Amino acid sequence: MKKKYLKWLIPILVLTFMVSVACAIYGRGIKTEVARSELRRKADVVSTNLYEVDNYIKTAIDYSDISAVACKSLGFYTDKSKIHSLLEYMARTDYVDSSFVCNFDGKGYDHRGEELDISSEPFFAEAMEKFSKGGNGLLLVPESTAFSDKSILVINQIYFRDQVKGFLMTVLHVGDLADKIFAGIFDIDKMALISLAGDIVASPDDLSMEGNFWDDAPSTLPADTIKLNISRKTLYINEIDDYGYVVVVPSKVTLGAAVLLVDHKSFSGVMSFEMRRYRLFTLALLGIVFVFSSMMIISYFIRLRIIKSRRGKNEENAQKDKGTGLLNGLGVAAEMSKYIEDSNIKKGIMLSIFVEEFRTLRNEKGDEEADRQIGEFSRKLAHRYRFTDIVGKISDGEYVIFVKDVEQEKDIRKQADDLQIFLYDIKNDVAPGGKPLNASAGGALYPRDGSNADELLSAARAAMEKARIEGSGRVSFYR
């Protein structure tokens, strides 16, 4: 039976294992896709916000470029009022802190017409270094005594009409840029707007603008690849070994980008929520496999039961006479064997009855009449004994009865007397037009006259033959 169980259990376990492996492999791919989808969603939000900020900066750059062209035809000192009008117009925008001009000594005036001196500001030295020979661009201002910290300078080098070399500068306050760029972004370990070199322009994480973003980044972060994507202005999303994920959203205006660093721990809550449908799918699939396996097992055992039942019925039918329903010779032997094996008392009496008229009945009356008379006789015979006793039909003329649990002499005599009366009754109970039945019977005791069904039946038959010789209606015993 164990082999039968293994026959089904092994394929079911293999199927479950294969489905689990498939779900695990598929789950890894789904997890990657879900992570990239969620990160792409965050990138889209940042990109939309950054586009708006880029427009602010682009507008400031455009105004500055136009004003710089105009200033080239104006004198630094002689056309102060006209330059002041340009500066004032540039400073009207909410995100512009100040707009001013200065010479290479750092002295000049702003949009309010007030004199200023930025020669001592750290950013002025950097401006001289980068733009004194011409050109324009952006400059970060981490700290300043003249302007707000965390500002961006839009710088244009100008050669004024009166031979004064100087700068036109627009100060953009970026203290709230981080809130604008990263609005609606959560579950992020670190995020900042950075320059190509890694300088932090703005961050909601209060990161120092004096530091470099790459210095505090995970060691496995591909900085060179990110810089390449920033310079090409292409979106970059990738997984970082032993850390999590990186999202780089480049600015369309400046050589900078919004960078999001997402560690696995910070992202686990989002992933757990987003993966719920896959988990439900996996549970449903495993549930289907379980139900299918259970149905296969149940159907297997039902099939076994049906086969066993059919086999039992076939065996039962094979052990019964079809016409009368009594046991045949095979059935009598089988029931005797069961009794001998299971009985504690192991006593009984075997009776063999032979009806003379049934030998030729089929030839004389035909099958239908023979079956009717034999069936009627069989019912009368079976009715005289307990349902626990063994009653069988060996042939049309021969019948056998084994009465269980008979061992006392008086019980043996009673069985013989009852059978004698029955033989007398069937001989005299003749229907109109019928023929009397002449029957003889022989008996043998178990286990005295035989230790098994064959020996006992042989002894009972010998006794029955003796009774036939002595005359119809007699009952004789083997000894």
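Basis of the calculations
- Residues numbered from 1 in each chain as written.
- Predicted model: local features only at pLDDT ≥ 70, side-chain atom pairs only at ≥ 80, totals over all residues.
- Heavy atoms only, no water.
- Helix = DSSP H or I, 4+ residues; strand = E, 2+ residues; numbered from the N terminus.
- Buried < 20%, exposed > 50% of the residue type's maximum accessible area, 1.4 Å probe, protein only.
- Contact = heavy atoms within 4.5 Å.
- Areas by Shrake-Rupley, 256 points an atom, 1.4 Å probe, with all protein chains shown as cover.
- Pairing = 2+ DSSP bridges.
- Axes fitted to C-alpha atoms, helices over the stretch in contact; angles between N-to-C directions.
- pLDDT = per-residue confidence, 0-100.
- Patch = residues over 30% accessible without salt bridge, like charges linked within 9 Å, V, L, I, M, F, W, Y side chains within 5 Å.
- Salt bridge = Lys/Arg side-chain N within 4 Å of Asp/Glu carboxyl O.
- Arc of directions from axis to C-beta.
- Expected span 1.5 Å × (residues − 1).
- Polar contact = N/O pair within 3.5 Å; in protein donor to acceptor, adjacent residues only side chain to side chain.
- Phe/Tyr/Trp six-rings, centres within 6.5 Å; stacked < 30°, edge-to-face > 60°.
- Lys NZ or Arg CZ within 6 Å of the ring centre and 35° of its normal.

Chemist: Pulling in residues and values, what's your account of the overall build of the chain?
Modeler: Of the regular secondary structure elements, the chain holds 12 helices and 16 strands. Taking all 479 residues of the chain together, the buried fraction comes to 43%. Considering only residue pairs separated by 6 or more positions, the chain has 58% of its internal contacts joining residues 24 or more positions apart. For the chain, the exposed surface amounts to about 26,200 Å²; the carbon and sulfur share of it is 54%.

Chemist: Break down the sheet that holds strand S1 (residues 96-103) for me, citing the residues and quoting the values.
Modeler: Across the sheet, 6 strands lie side by side as S3-S2-S1-S6-S5-S4; this open sheet has antiparallel pairing. Strand pairing shows two members of the sheet lacking a second neighbour, strand S3 (115-117) and strand S4 (136-141), which therefore form its edges. Between one strand axis and the next, the sheet turns through 30° on average, direction left out of account.

Chemist: How would you sum up the sheet that holds strand S16 (residues 475-477)? Please name residues and give values.
Modeler: An order of S13-S14-S12-S15-S16 is seen for the 5 strands of this open sheet, with the pairing classed as mixed. Two strands bound the open sheet, and with one partner strand each, they are strand S13 (390-393) and S16. Across the sheet, the mean angle separating the axes of adjacent strands is 20° when strand polarity is ignored. Here 7 bridges tie strand S12 (residues 348-355) to strand S14 (residues 398-404), and the two strands are oriented antiparallel to one another. The residue of S14 that forms the bridge with Phe-354 is Glu-398. The sheet contacts of helix H10 (residues 367-383) involve S12, S13 and S14, and relative to S14 the element is tilted by about 15°. Packed onto the sheet, helix H12 (residues 453-470) meets S12, S14, strand S15 (439-446) and S16 and runs at close to 145° relative to S15.

Chemist: Which residues make up the confidence of the model for the chain, and what values go with them?
Modeler: Of all residues in the chain, 88% have pLDDT values of 70 or greater, and the mean over the chain is 83. The secondary-structure element of the chain with the lowest mean pLDDT is helix H6 (residues 264-274), recorded at 69, while strand S2 (residues 107-110) shows the highest, at 95.

Chemist: Explain a nonpolar patch on the surface to me, and be specific about the residues and the numbers.
Modeler: A cluster of nonpolar residues, Val-14, Phe-17, Met-18 and Val-21, forms a patch on the protein surface that exposes about 380 Å² of accessible area. Position of Met-18 relative to the elements: it lies in helix H1 (residues 2-71).

Chemist: I'd like a rundown of the pattern of salt bridges, residues and numbers included.
Modeler: Applying the stated rule across the entire model yields 26 salt bridges. We note a salt bridge from Arg-461 to Glu-398, for which the minimum N-O separation is 2.5 Å. Taken as a pair, Arg-461 in helix H12 and Glu-398 in strand S14 lie far apart in primary sequence, 63 residues in all. The class for Arg-461 is partly exposed, based on a relative accessible area of 32%. The partner of Glu-465 in a salt bridge is Arg-468, with the nearest N and O atoms 3.4 Å apart.

Chemist: Mind laying out helix H5 (residues 223-232), listing which residues take part and the relevant values?
Modeler: Along an α-helix, residues three or four apart share an orientation, since each turn contains 3.6 residues. Within H5, burial applies to Ile-226, Asn-229 and Ile-230. Seen end-on, H5 carries its buried residues on one side only, within an arc spanning 105°. For H5, the exposed residues set more than 90 degrees away from the buried face come down to Asp-224 and Arg-232.

Chemist: Tell me about unusual backbone geometry, residues and numbers included.
Modeler: Cis rather than trans, the peptide bond between Tyr-446 and Pro-447 has omega equal to 10°. Checked against the element boundaries, Pro-447 lands in the loop between S15 and H12. Even without a glycine there, the phi angle at Gln-163 is positive, about 70°. Topologically, Gln-163 is positioned in the loop between strand S5 (151-159) and strand S6 (165-173). Of note, the phi angle at Asp-405 is positive, near 60°, even though the residue is not glycine. The partly exposed category is assigned to Asp-405, whose relative accessible area is 39%.

Chemist: Can you tell me about H12, naming the residues and giving the values?
Modeler: For H12, with 18 residues, the first-to-last C-alpha span of 26 Å sits near the 26 Å given by 1.5 Å per residue. Buried residues in H12 make contact with helix H8 (329-342), S12, S14, S15 and S16. If you check the start of H12, you find a side-chain oxygen 3.2 Å away from the backbone N of Asp-454, and it comes from Asn-452. Downstream of H12 by a residue or two, Gly-471 has a phi angle that is positive, lying close to 140°.

Chemist: Outline the packing of aromatic side chains, listing residues and values.
Modeler: In this structure the tally under the stated criterion is 13 aromatic pairs. Taking the centre distance of 5.8 Å and the plane angle of 80° together, the rings of Phe-213 and Trp-214 count as edge-to-face. The buried category is assigned to Phe-213, whose relative accessible area is 2%. One aromatic cluster in this structure is built from Phe-76, Tyr-77, Tyr-109 and Phe-160. Positioned above the aromatic ring of Tyr-109 is the side chain of Lys-80, whose terminal nitrogen or guanidinium carbon lies 5.0 Å from the ring centre. The ring of Phe-213 carries Lys-190 above its face, with NZ or CZ at 5.8 Å from the centroid.

Chemist: Which residues make up the side chain of Glu-357, and what values go with them?
Modeler: Relative to the helices and strands, Glu-357 is located in the loop between S12 and helix H9 (361-365). Residue class for Glu-357 comes out buried when judged on its relative accessible area of 13%. Every residue in contact with Glu-357, bar those within four places of it in the chain, is listed here: Lys-435, Pro-436, Leu-437 and Asn-438.

Chemist: I'd like a rundown of the side chain of Ser-251, residues and numbers included.
Modeler: Take Ser-251: it is sitting in the loop between strand S10 (244-250) and strand S11 (256-263). Among the polar contacts listed, one links the side chain of Ser-251 to the side chain of Asp-54, at a separation of 2.7 Å.

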